[in-house]
Amino acid sequence: EGDNGPAAGVDYISTVSAQFTHLKKNPETGRWIQAISTTIARYIFTELDDIRMKNNGFVMRYVTDSGNPATHFMSFDSPALEDPEFRPFMDICYIPSERPVACEDGYLVRYDLNADTYIARDHLVHGAEEHLFVGNSGWAGKSRALVDFDITTFNTDLTALFDDAESVYLRLWYEGAELAKPYNDPRQMERKLAAHKIVKTWNEASATSKIASQSGDSKNRWEEEMMGELNDYDPEVIATDIISEGEDQHNIYFNVTSVFKEWMEDKSTDHGILIKDSQHESVPGYFLKFASLNHKDPTIRPYLMVCQKK
């Protein structure tokens, strides 16, 4: 813009960035510097059309710790350098994960969820937080995640699923394991996640380990603390996924086609999905952390993938 170079918000997006290696006041010459640009890459390669950014390259800015203007130039080797060993490059590590059945002959549509939260024995409301937690961290106890899709936004009269068994998947971004509070012997073990159909109305703005929803002074309570089988959620497992000890960040997918079909037939039965640790929920260790609808990075928020007939 004018003679001032690229302007933030006009010529480049300043909120999606990566910081390079911190340099000393008198940096040594002839060395590599690097930045973890995973967030930028997600915006470029995301499958979400309304979020994806064009790959127009990067702007590199020199920022001082004091905030004062830079007083020196820095020079770097360019892609045109004669010696290919010192040209700049980008390493991309693709994490292998089991993808849902490809929607090759149908039409893939992604639908946003309308609510999510997690419940824990702290009796607090967590519906506005950036993450969902599943598992058991020891002192903080077990935690379960709840997600919901508003089936009324799905046109059941004009839309048909491509396949009755594998057409609808819930996608969640796994960010890793986290220990919520100090514990003498935390164990980050393999945890098997199970998805169940919720059968009671709940609200992310009021749901806790004891309360499902609240209107004024009127409280709709769970049958049991942390939700009870039959009256709060169906004990039948819809889908499962296993996260092993030390597993890195990746997408996980739950095949929720069966329950989605039930919602299509009777929209009043849509109360969402409960995700819990079905293997070691009572064993202390780590919480498994997932991005929620409130995560600042929209590329990793949860959503439904629906394969529809063309």
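The structure displayed is predicted, hence computed values, not measured ones.

A.B. asks: Explain the overall build of the protein chain to me, please; I cannot follow it from the model alone.
C.D. replies: Each helix and strand counted, the protein chain has two helices and 13 strands in total. Across its three principal axes, the protein chain shows a C-alpha extent of roughly 70 × 55 × 40 Å. The buried share among the 310 residues of the protein chain stands at 40%. Taking the intrachain contacts of the protein chain between residues at least 6 apart in sequence as the baseline, contacts between residues at least 24 apart amount to 77%.

A.B. asks: For this particular structure, what's the right way to read helix α2 (residues 257-265)?
C.D. replies: An α-helical turn contains 3.6 residues, so any two residues separated by three or four positions project in the same direction. What α2 keeps buried is the set Thr 257, Val 259, Phe 260, Trp 263 and Met 264. Within α2, the buried residues cover an arc of 165° as seen down the axis, which keeps them to one side. Residues of α2 that are buried sit in contact with β5 (168-178), β6 (191-198), β9 (233-243), β10 (250-255), β11 (273-277) and β13 (303-308).

A.B. asks: Looking at this structure, how should I read helix α1 (residues 38-45)?
C.D. replies: Those residues of α1 lying buried are Ile 40, Arg 42, Tyr 43 and Ile 44. On its buried face, α1 sits against β5.

A.B. asks: Please clarify how the pattern of salt bridges should be interpreted in this entry.
C.D. replies: Side-chain pairing between opposite charges can occur once the charged atoms of the two side chains come close. Under the defined criterion, the tally for this structure stands at five salt bridges. The shortest N-O distance in the salt bridge between Lys 289 and Glu 178 comes to 2.9 Å. Taken together, the positions of Lys 289 in strand β12 (residues 287-291) and Glu 178 in strand β5 put the pair 111 residues apart, joining distant regions of the chain. The class for Lys 289 is buried, based on a relative accessible area of 15%. The exposure class of Glu 178 is partly exposed, given its relative accessible area of 30%.

A.B. asks: What exactly am I supposed to notice about a nonpolar patch on the surface here?
C.D. replies: A contiguous nonpolar patch, built from Phe 20, Met 60, Tyr 62, Met 74 and Phe 76 and spanning about 530 Å² of accessible area, is present on the exposed surface. Among the structural elements, Tyr 62 can be located in the loop between α1 and β1 (107-112). Take Tyr 62: its relative accessible area is 45%, and that puts it in the partly exposed class.

A.B. asks: Got a minute to help me understand empty space enclosed by the protein in this structure?
C.D. replies: Going through the model one piece at a time under the given rule, you end up with one cavity of 30 Å³ or more. Counted as a void, the largest cavity has a volume near 50 Å³. Around the largest cavity sit Leu 113, Val 147, Asp 148, Phe 149, Leu 170, Val 256, Trp 263, Gly 272, Ile 273 and Leu 304, which together line it. Its residues placed into classes, the lining of the largest cavity shows eight nonpolar, one polar and one charged.

A.B. asks: Hey, could you run me through the nonpolar core in this one?
C.D. replies: A general tendency of soluble globular proteins is for nonpolar side chains to be buried together. Counting 33 residues, the largest nonpolar core has Phe 254, Phe 260, Phe 290 and Leu 304 as its most contacted members. Judged by nonpolar contacts, the second largest core, of twelve residues, contains Trp 202, Met 226, Tyr 233 and Leu 274.

A.B. asks: Quick question: what am I supposed to make of the packing of aromatic side chains here?
C.D. replies: To describe a pair of aromatic rings, you give the distance between the ring centres and the angle between the ring planes. The full count for this structure, using the stated rule, is eight aromatic pairs. Plain terms: the ring middles of Phe 154 and Phe 260 are 5.1 Å apart, the flat faces sit at 85° to each other, and that makes the pair edge-to-face. Separated by 106 residues along the polypeptide, Phe 154 in the loop between β4 (142-148) and β5 and Phe 260 in helix α2 bring together distant segments of the chain. Among the residues examined, Phe 260 registers a relative accessible area of 0% and is labelled buried. Aromatic pair Tyr 174 and Phe 290: ring centres 5.5 Å apart, planes at 50°, arrangement tilted. Residue Tyr 174 is found in strand β5, and its partner Phe 290 is found in strand β12; the two are separated by 116 residues along the sequence. Grouping residues by exposure puts Tyr 174 and Phe 290 together as buried. Among the aromatic residues, those joined into a cluster by ring pairs are Tyr 111, Phe 149, Phe 154, Phe 260 and Trp 263.

Here is what the cut-offs are and how they apply
What you see as residue numbers is a count from 1 along each chain, following the sequence as written. Under the rules for a predicted model, residues below a pLDDT of 70 receive no local features and side-chain atom pairs below 80 are neither given nor counted, while totals for whole chains, interfaces and linings still include all residues. Think of the side-chain values as coming from all heavy atoms in the structure, minus any hydrogens and water. Numbered from the N terminus, helices here are DSSP runs of H or I no shorter than four residues, and strands are runs of E no shorter than two. With a 1.4 Å probe rolled over the protein chains alone, any residue whose accessible area is under 20% of its type maximum counts as buried; one over 50% counts as exposed, and the rest are partly exposed. In what follows, residue pairs with any heavy atoms lying within 4.5 Å of each other are defined as contacts. By definition, the arc is the one covered by directions from the helix axis to the C-beta atoms. Throughout this description, the term salt bridge denotes a Lys or Arg side-chain nitrogen within 4 Å of a carboxyl oxygen of Asp or Glu. For patches, a residue must show more than 30% relative accessible area and have no salt bridge; joins then use 9 Å for like charges and 5 Å for nonpolar side chains, namely Val, Leu, Ile, Met, Phe, Trp and Tyr. For accessible areas, the Shrake-Rupley method is used with a probe of radius 1.4 Å. Any residue's cover is judged against the shown protein chains and nothing else. The definitions used throughout rest on a 1 Å grid laid over the protein atoms alone, on which a cavity is an enclosed set of points accommodating a 1.4 Å probe that cannot get out and a pocket is an open set flanked by protein within 12 Å on both sides along at least five of seven lines; lining residues are those having an atom within 4 Å of a point. Grid points are joined across faces, edges and corners, and a volume is the space filled by probe spheres set on the points. Three classes are used: nonpolar for Ala, Val, Leu, Ile, Met, Phe, Trp, Tyr, Cys and Pro, charged for Asp, Glu, Lys and Arg, and polar for all others, with Gly counted as polar. Here, the term nonpolar core denotes a set of buried Ala, Val, Leu, Ile, Met, Phe, Trp, Tyr and Cys residues that are joined through side-chain atoms within 4.5 Å. Side-chain rings of Phe, Tyr and Trp, where Trp is taken by its six-membered ring, are said to pair if the distance between their centres is within 6.5 Å; with planes under 30 degrees apart they count as stacked, over 60 as edge-to-face, and otherwise as tilted.

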